[in-house]
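The primary structure of each chain is shown beneath.
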Amino acid sequence: MSTFTTRDKTEIYYKDWGSGPVVVLSHGWPLSSDSWEAQMFFLANNGYRVIAHDRRGHGRSSQPWNGNEMDTYADDLAELLEHLEIEGASLFGFSTGGGEVARYIGRHGTARLAKAGLISAVPPLMVQTESNPGGLPLSVFDGIRAASVADRSQLYIDVASGPFFGYNRPGATPSQGVINAFWMQGMMGGHKNTYDCIKAFSETDFTEDLKKFSIPTLILHGDDDQIVPIDAAARSSSRLIPHAELVIYNGAPHGITDTHKERLNNDLLAFLRS
């Protein structure tokens, strides 16, 4: 397997497919780089070198007790780009990965980057606060934590077969294969790591990070996203990032990397070529 070891001795797994201009992908919770396979296959077949890592504690990476928060996630990503000597990359993040991308730019700048993208992404802030009244109540995330402790395996089945892919909507046609893949990726992650990550993706404020975006940025989001509601996320981010391009997928759920993969792949390709 392709791995590297971070400064705090955490082993990070990554995929490195194809050749050409570099695209780097950061995955969502509780998933792994496997969640990007449709995009990786498509972009690598269209002349790009596509890199995706398993966040610490997820997939095939180590499961350290500590460091399961956004600053360390961003630093791990920075070490990956340094390890691979990446320059001029387009960096995309899905859901929690969008937070990782934002915090990476906030902490490490854009010197290694050419473009950025946020897909169904959590920034600027998911949890409801006085200054973020459109966010979700803390009780929502407390409920996810409680369900994770009670029966983590069942939680992942319930999330995947319900709101994540919009399979709980009238007329939806659930894919058992997609549900199984979500569950499998989630169960590969460490229990402590995926538990801690709930706080990381929900309570981290990325407002100041977004203001540091100085490269062309694409924001893609479904307006029927039941996991990361569009108003407090993509629409708010688009007002904070200078010259961001916001594309709304009408009626689309959170998991558009699977449910709308053909459209998403072509939108990414068009943005990369622009």
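Each remark here, short or long, concerns the structure printed above.
Computed from a predicted structure; not experimentally measured.

## Here we look at the packing of aromatic side chains
- Per the counting criterion, the structure on display carries twelve aromatic pairs.
- Ring geometry for Y156 versus F182: centroids 6.5 Å apart, planes at 70°, classification edge-to-face. Of this pair, Y156 sits in helix α4 (residues 138-161) while F182 sits in helix α5 (residues 176-188), and the two are 26 residues apart along the sequence.
- Of the residues examined, Y156 reaches a relative accessible area of 0% and is grouped as buried.
- Assessed through its relative accessible area of 2%, F182 is described here as buried.
- Connected via pairs of aromatic rings, a cluster forms that spans W29, W36, F94, F141, Y156, F164, F165, Y167, F182 and F201.
- Seen from the ring of W65, K192 lies directly overhead, with NZ or CZ sitting 4.3 Å from the centre.
- Over the aromatic face of Y249 sits the side chain of R263, whose NZ or CZ is 3.7 Å from the ring centroid.

## Section: helix α1 (residues 37-44)
- Within the span of α1, buried status applies to A38, Q39, M40 and L43.
- Its buried side turned inward, α1 meets β2 (11-17), β3 (22-26), β4 (49-53), α9 (256-259) and α10 (261-273).

## Let's talk about the pattern of salt bridges
- Counted under the stated rule, the structure contains 22 salt bridges.
- We note a salt bridge from D209 to R103, for which the minimum N-O separation is 2.9 Å. Placement of the pair is D209 in helix α7 (residues 207-210) and R103 in helix α3 (residues 96-108), with a sequence separation of 106 residues. Side by side, D209 and R103 carry an identical accessibility label, which is buried.
- Salt-bridge contacts for D267 lead to R263; the nearest nitrogen and oxygen are separated by 3.6 Å.

Rules used throughout
- Residues numbered from 1 in each chain as written.
- Predicted model: local features only at pLDDT ≥ 70, side-chain atom pairs only at ≥ 80, totals over all residues.
- Heavy atoms only, no water.
- Phe/Tyr/Trp six-rings, centres within 6.5 Å; stacked < 30°, edge-to-face > 60°.
- Helix = DSSP H or I, 4+ residues; strand = E, 2+ residues; numbered from the N terminus.
- Buried < 20%, exposed > 50% of the residue type's maximum accessible area, 1.4 Å probe, protein only.
- Lys NZ or Arg CZ within 6 Å of the ring centre and 35° of its normal.
- Contact = heavy atoms within 4.5 Å.
- Salt bridge = Lys/Arg side-chain N within 4 Å of Asp/Glu carboxyl O.

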